[in-house]
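Now for the letters of each chain:
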Amino acid sequence: MPLRYIAHQAYVVPRDPPWGSGGAALVLSCPVVIITFDAIPDRDRLAAALRSSLPPMLVVQVPAAVLGLVGAFGLLTGARAWPLTLLALGALAYRLVPELLFRRVVRHCWRLYGRPTAWQIDATGVRRITELTDSLVRWEAVTHARVLPAGDLVLAVVGRQVLPVPTADLPPVDRDDLLALLRERNLIPGQD
């Protein structure tokens, strides 16, 4: 169950009166919204977040397409055995190899993200706590954010890294506060 509370972050600002007879302090209190929630891992949602973030696998697809085109050209010239084999291998590699590599990426990420996780989102950043890790990604490290159609959030972090945050199950109030925080930091456009 999500927990939402407003903490007050206090700043002490020294103020010296103009007549110099000692110092006084002005204490400013700024409200900070903190959203904490627990998330049960979902492999399909993790895969959707990763699929939306990965670039096209051109390193595999371009050679496979060239292989298929050579096979198609061979078929047009009249040969039968080797062009058909090249065409079949090219089509298979173009379609199958990227999917196998993607499944490997998901399996690798599942080792870390496939555990019950406590999340804390506040003015400092996004904290992810599991039995293995306790990590904080500060807002300064986040380059942009994207809300997936299912409602989850993907934060792009410097260095081509992503942080999938399972926000689809958050109550609407917390979700709106989170989106407002992201808009305030210019991480997502003004529209949902």
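Because the structure is predicted, anything quoted here is derived from the model rather than measured. (Residues numbered from 1 in each chain as written. Predicted model: local features only at pLDDT ≥ 70, side-chain atom pairs only at ≥ 80, totals over all residues. Heavy atoms only, no water.)

(A) Representation of helix α1 (residues 43–53) in the model. Of the positions making up α1, those classed as buried are Leu 46, Ala 47, Ala 49 and Leu 50. Buried residues of α1, viewed axially, fall in a sector of 165°; they line one side. (Buried < 20%, exposed > 50% of the residue type's maximum accessible area, 1.4 Å probe, protein only. Helix = DSSP H or I, 4+ residues; strand = E, 2+ residues; numbered from the N terminus. Arc of directions from axis to C-beta.)

(B) Spatial organisation of the side chain of Thr 130. Structurally, the position occupied by Thr 130 is in the loop between β4 (125–129) and β5 (134–138). Here the side chain of Thr 130 touches Leu 132 through a polar contact of 3.1 Å, landing on its backbone nitrogen. If we skip the residues at most four places from it in the chain, Thr 130 touches Pro 116 and Thr 117. (Polar contact = N/O pair within 3.5 Å; in protein donor to acceptor, adjacent residues only side chain to side chain. Contact = heavy atoms within 4.5 Å.)

(C) Structural view of the nonpolar core. Of all hydrophobic cores here, the largest spans 30 residues; its most connected members are Trp 139, Leu 155, Leu 163, Val 165 and Leu 182. Two domains each donate at least three residues to this core, and these are domain 1 (35–41 + 116–184) and domain 2 (58–109). Once you skip the residues sitting within four places of it in the chain, Leu 163 turns out to touch Tyr 113, Trp 119, Val 126, Arg 128, Val 137, Leu 153, Val 154, Leu 155 and Val 157. (Core = buried A, V, L, I, M, F, W, Y, C linked by side-chain atoms within 4.5 Å. Domains from an automatic or database assignment.)

(D) Just the confidence of the model for the protein chain, in detail. Put simply, the protein chain has an average pLDDT of 79, and 81% of its residues get 70 or more. By mean pLDDT, strand β1 (residues 3–15) is the weakest element of the protein chain at 41, and β4 is the strongest at 94. Note that pLDDT drops below 50 for residues 1–19; the model gives that stretch 52 contacts with residues more than four away or on any other chain. Counting contacts from residues 24–30, a segment whose pLDDT is below 50, to residues more than four positions away or on other chains yields 23 contacts. (pLDDT = per-residue confidence, 0-100.)

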